[in-house]
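What follows is each chain in one-letter form.
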Amino acid sequence: MATKRRACAVLALLMTSVLVVAGCNSGGDEASPQSELYKNPVTLTWWHNGSQDGPGKTYWEKVAKDFSALHPTVKIEIEAIETNQLQRTRLPAALLSNDPPDIFQAWGGGEMREQVEADYLKEITGQVKTEVANIGSAAEIWQVNGKQYGLPFRMGIEGIWYNKEMFARAGIAAPPATFEELNAAVTKLKAINVVPIAVGAGDKWPAAHWWYNLALRACSVDTLKKASTDRVFDDPCFVKAGQDLKAFIDTKPFQPNFIATPGQNDPTSANGMLANGKAAMELMGDWNRGTLDTVATDTAKLATFLGWFPVPAISGSPGDPKAALGGGDGFSCSKNAPAECVEFLKYIVSPEVQKGYAETGTGLPVAKGADAGVKDPALKSILEATSGASYVQLWLDTAYGSTVGNAMNDAIVAIFAGNGTPEKVVSAMKAAASK
Amino acid sequence: MTSANQIRMPAGGASASPAGSQTAERASARRAETRRKWYEIVGLTTPAVAIYVMFVLVPMGFAVYYSLFRWRGVGPPTEFVGLRNYTLAFQDPIFLDALRNNAIIVFGSLLIQGPIALGIALLLNRRFRGRAVFRLLVFVPYVLAEVTVGIMWKLLLTGDGTVDALLRSLGLGGLVQPWLADLDVVIWTLLAVLTWKYVGFAIILLLAGLSNVPDELTEAAAIDGASWWQIQRHITIPLLGPTIRIWMFLSVIGSLQVFDMIWVTSVPAVRSLGASATMATYMVDNGFFARLWGYGNAVAVILFVISFVAALLFQRFLLRRDIEGAITGRAK
């Protein structure tokens, strides 16, 4: 009965493995010299995650078309793939084979480190000096050992999206700046019978992000940096993050049955609850502006009540209160991609293209000179907070790589489900690092 | 079997003694015949065997090979760890949860689907108006794609969804619970959905078996004064034996490998906590999502071995009479 489908899953795992053997003896580096650029016709395959219909998807189509118009020798073939599929199955398998896409979505951090160690990516340090200077510190996430292997086109920090109208009704004067104030706001919101905070714990990562933020408050920046590079999690601050989380969950700030709630893209999801006036707050990244619009029944109303504030500080904690958790999306070229690939990458992060991207409202641009494209007030406040952040920590599951990230998220969700402990999160991370 | 062959063989040899030239001619004709038969066998089976080897045996071999490595799927596998992935799997409480869930689904399917299907099949085997419609309706869930059924039930079972509303309107509001989110409830919810989906398959199989039960037997029994129940108990059900055993076999193998219904219907968080994981979902969660490719292959091998052993035991002990000659017997 389920035989055939199981076979597919296994076959997928196995056939990709078979491809390794085929991929082992593929050709060497064929980088053509700069003078050869645009001489011969080339086709670039481009894999990105703008798979849902909307401004994000159509914008990338326009970018590809514009570039081909500027350089008629270059043809661009787009394949838009849902994020999880792209990141977990399609890309790893394609990179193992001898026919990877030329330019593809890259998230930086631990995953990119592994890809560089396996010699999959084109090193572009020398070619993108101007672009890196224009992007600033955000570009560092796409570096490994000081060398550039990709460039971001979107970057933003995480914060709390909230319903201004509900806050006013509950008598909350200003967005909470500390966890004490956040707790007080939760109590006031309960008093007017609304769900204070929606969390999509069903998808694990939206719940795990609460722990990440508490770790950011409990741990010093040095500890976090060291954990990202060495994957050592001995500092007691990681246990403290779990204890703070448990205490916070015990105040019951979340909707009932949150363990079944999906994170996004669906009216019953956590951002669906915020978008449709069923919850007052949600912790989420800058892309949420776009996803909220896709699930809102009344987008005009959403625009009137939506606000954003940074994750509150915890008084007396060693973490930097101005540090923020964030991340972005970028693109890398595979090792044997034609030189035109790098030119296209540079085009994507150029101020004009970035400004157009900002105007789609699907995320925050990274290039200076593109800020003017940001129109939404909530996104504007994120832009301000991002540039004002003293340190931006990449999402911990991305920073530590999929193996540790997955185990960490599972152990954090266990705390949410009521059968985990702060200590188990740390031991799960250590166990996964050795797997 | 062997003794019969031993007797027959010398007899065949003895018949080859008369007139020398004739024998040689006949022998060469027989040899040509044998050769032709072999050409046919090789010619007809080579494509199938080649495909089987390429897409079944070779990947299986690779799975076993990769399961011996600590390998994240980035670059070729280099770090040989022997059987470490296997010991790690059996030390992981979530994998043990997955094994337990598979056992629940195997026994739940047999013990719940079997009696329901048998009862309904016996009823549907009687003549009454609209029987064809009922037979069709019973089979509908099985025809639907598993993913479709999974999403449908997920929508019906969400908090304050249709199922909850129905229970409340029937005055059974006390029964309402987080069907797919409660760690203790979810596996039973999934078992109910699987039963709903697959009971139709068992019924159709049993109805086919029932059509092979000769009417004369039941008529004779009826003339002898046997009641309907006595006829079923002493004639129909025993004659259904082969069909029931084949269904059990398919059900056990399917239950061990169940994947998509669980994957689609249950919540990722609940699944990764072990409450609704099965071996197959555990394999994908670890192989792809945690990017432990060597470990994922080890889990795939464990799943294969368990299914294979179950299949062998079934053939050896339960299906032996039914498939005598078909699989284990000698071709004549």
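Structural data are supplied above this passage.
These numbers were taken from a predicted model, which means no experiment stands behind them.

1. Observations concerning the overall build of chain B
Line of reasoning, step 1. When its secondary structure is counted, chain B shows 15 helices and 2 strands.
Line of reasoning, step 2. Radius of gyration (C-alpha) of chain B: 27 Å, far over the 20 Å computed for a compact globule of 332 residues.
Line of reasoning, step 3. Its C-alpha atoms give chain B principal-axis dimensions of roughly 90 × 75 × 30 Å.
Line of reasoning, step 4. Looking at chain B alone, contacts between residues at least 24 apart form 68% of all its contacts between residues at least 6 apart.
Line of reasoning, step 5. For chain B, the accessible surface area stands at approximately 18,200 Å², while carbon and sulfur atoms represent 68% of it.
Line of reasoning, step 6. In chain B, 28 side chains carry a positive charge and 19 a negative one; their mean positions are 9 Å apart.

2. Notes on the pattern of salt bridges
A side chain of one charge can pair with a side chain of the opposite charge when the charged atoms of the two come close.
Line of reasoning, step 1. Applying the stated criterion across every chain yields a total of 22 salt bridges over all chains.
Line of reasoning, step 2. The partner of Arg289 of chain A in a salt bridge is Asp376 of chain A, with the nearest N and O atoms 2.7 Å apart. Of the two residues, Arg289 of chain A sits in helix H12 (residues 288-295) while Asp376 of chain A sits in the loop between helix H15 (351-360) and helix H16 (377-388), which places them 87 residues apart along the sequence.
Line of reasoning, step 3. One network of salt bridges, with partners in common, ties together Glu111 and Glu114 of chain A together with Arg72 and Arg291 of chain B.

3. Overview of empty space enclosed by the protein
Line of reasoning, step 1. Going through the model one piece at a time under the given rule, you end up with 4 cavities of 30 Å³ or more.
Line of reasoning, step 2. Lining of the second largest cavity is provided by Lys435 of chain A together with Phe69, Arg70, Trp71, Arg72, Asn85, Leu88, Leu292, Trp293, Gly294 and Tyr295 of chain B.
Line of reasoning, step 3. When residues in the lining of the second largest cavity are grouped by element, the largest group, 3 residues, is from helix H15 (residues 293-318) of chain B.
Line of reasoning, step 4. Its residues assigned to classes, the lining of the second largest cavity shows 6 nonpolar, 2 polar and 3 charged.

4. Here we look at the interface of chain B and chain A
Line of reasoning, step 1. Taken residue by residue, the interface counts 51 residues in chain B and 48 residues in chain A.
Line of reasoning, step 2. Contact with chain A buries area across many residues of chain B, yet Phe288, Phe289 and Arg291 of chain B alone supply 15% of it, more than any other trio.
Line of reasoning, step 3. On the surface where chain B and chain A come into contact, there are 3 salt bridges.
Line of reasoning, step 4. Glu114 of chain A is the partner of Arg72 of chain B in a salt bridge, and the nearest nitrogen-oxygen pair spans 3.2 Å.
Line of reasoning, step 5. Connecting chain B to chain A are 12 residue pairs in polar contact (both at pLDDT 80 or more).
Line of reasoning, step 6. Where the side of chain B that touches chain A is concerned, the elements lending two or more residues are helix H2 (20-66), helix H3 (84-91), helix H8 (186-210), helix H11 (241-256), helix H13 (268-272), helix H14 (279-289) and H15 of chain B.
Line of reasoning, step 7. Among the residues forming the side of chain B that touches chain A, the class breakdown is 35 nonpolar, 8 polar and 8 charged.

5. Thoughts on unusual backbone geometry
All names here are of chain A.
Line of reasoning, step 1. Despite not being glycine, Tyr38 has its phi angle at roughly 65 degrees, a positive value.
Line of reasoning, step 2. Mapped onto the fold, Tyr38 is located in the loop between helix H1 (3-24) and strand E1 (42-48).
Line of reasoning, step 3. The phi torsion at Asn145 lies on the positive side, around 50 degrees, for a residue other than glycine.
Line of reasoning, step 4. Along the chain, Asn145 turns up in the loop between strand E4 (143-144) and strand E5 (147-148).
Line of reasoning, step 5. Take Asn145: its relative accessible area is 67%, and that puts it in the exposed class.

About the criteria used
- Residues numbered from 1 in each chain as written.
- Chains lettered and ligands numbered in written order.
- Predicted model: local features only at pLDDT ≥ 70, side-chain atom pairs only at ≥ 80, totals over all residues.
- Heavy atoms only, no water.
- Helix = DSSP H or I, 4+ residues; strand = E, 2+ residues; numbered from the N terminus.
- Rg over C-alpha atoms; globule rule 2.2 N^0.38 Å.
- Contact = heavy atoms within 4.5 Å.
- Areas by Shrake-Rupley, 256 points an atom, 1.4 Å probe, with all protein chains shown as cover.
- Lys, Arg positive; Asp, Glu negative; His and termini not counted.
- Charge placed at Lys NZ, Arg CZ, Asp CG, Glu CD.
- Salt bridge = Lys/Arg side-chain N within 4 Å of Asp/Glu carboxyl O.
- 1 Å grid on protein atoms, 1.4 Å probe; cavity = no way out; pocket = protein on both sides within 12 Å on 5 of 7 lines; lining within 4 Å.
- Points joined across faces, edges and corners; volume = space filled by probe spheres on them.
- Nonpolar A, V, L, I, M, F, W, Y, C, P; charged D, E, K, R; others polar.
- Buried area = accessible area lost by both parts, 1.4 Å probe.
- Polar contact = N/O pair within 3.5 Å; in protein donor to acceptor, adjacent residues only side chain to side chain.
- Buried < 20%, exposed > 50% of the residue type's maximum accessible area, 1.4 Å probe, protein only.

Remember, this is a structural readout, not a statement about activity or role.
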